[in-house]
Amino acid sequence: MMTSPADLIADLDAALADAGTAITIRRYTAPTGTPRPKTDIDGIPAAVRGAHADELIEGVDQTASAVVLSPTGLAALLPLKKGDKAVIDGRERNIELPKPISVQGVLVRIDLLVAG
């Protein structure tokens, strides 16, 4: 039996709910302003770990983290892009490399490389 994209998303959601950490995904909606306008989605379950050497890109050092997200709950900010932010343990970090993963044309997972 073939696994459907919905099944893959449900499995990832369950794994992240069980073992993930809650983060905030943030997009600033204007380049300036006080306070600078932004859109936050809080409480997104994520798997966060240090990035491996083979995952690093030019300009990103070993302090980077690899983050796995489900698309669930992120519709307002999809697609994620370089320059968006991930707030992890209270620290705003830059999304350097978003890697969407699709199955049968459906977004089922997002891998991020974050730094800063």
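Source: prediction; values computed, not measured.

## Focus on the pattern of salt bridges
Next up, step 1: All chains considered together, the criterion is met by five salt bridges.
Next up, step 2: Between Asp40 and Arg26 there is a salt bridge, and its shortest N-O distance comes to 2.8 Å. Of this pair, Asp40 sits in strand S2 (residues 38–50) while Arg26 sits in strand S1 (residues 21–28), and the two are 14 residues apart along the sequence.
Next up, step 3: You can call Arg26 buried: its relative accessible area is 15%.
Next up, step 4: In this structure, the salt-bridge partner of Lys82 is Glu96, at a minimum N-O distance of 2.6 Å. With Lys82 in the loop between strand S3 (65–69) and strand S4 (85–88) and Glu96 in strand S5 (residues 91–103), this pair connects stretches of sequence that are 14 residues apart.
Next up, step 5: Members of the salt-bridge network, linked through shared partners, are Arg26, Asp40 and Glu92.

## Here's the deal with the pairing of S2
Next up, step 1: Sheet topology places S1 next to S2; seven bridges connect them, and they run antiparallel. The residue bridging Thr21 from the neighbouring strand is Ala46, located in S2.
Next up, step 2: Sheet topology places S2 next to S3; five bridges connect them, and they run antiparallel. Opposite Ala47, over in S3, you have Val68 as the bridge partner.

## Side note on the nonpolar core
Next up, step 1: Ile23, Ile25, Val67, Leu69, Leu74, Leu80 and Leu112 are the most contacted members of the largest nonpolar core, which has 16 residues in total.
Next up, step 2: Elements supplying a minimum of two residues to this core: S1, S2, S3, S4 and strand S6 (106–115).
Next up, step 3: Not counting chain neighbours up to four residues away, the residues in contact with Leu74 comprise Ile25, Ile41, Ile44, Leu69, Leu80 and Ile110.

Rules behind the numbers
- Residues numbered from 1 in each chain as written.
- Predicted model: local features only at pLDDT ≥ 70, side-chain atom pairs only at ≥ 80, totals over all residues.
- Heavy atoms only, no water.
- Salt bridge = Lys/Arg side-chain N within 4 Å of Asp/Glu carboxyl O.
- Helix = DSSP H or I, 4+ residues; strand = E, 2+ residues; numbered from the N terminus.
- Buried < 20%, exposed > 50% of the residue type's maximum accessible area, 1.4 Å probe, protein only.
- Pairing = 2+ DSSP bridges.
- Core = buried A, V, L, I, M, F, W, Y, C linked by side-chain atoms within 4.5 Å.
- Contact = heavy atoms within 4.5 Å.

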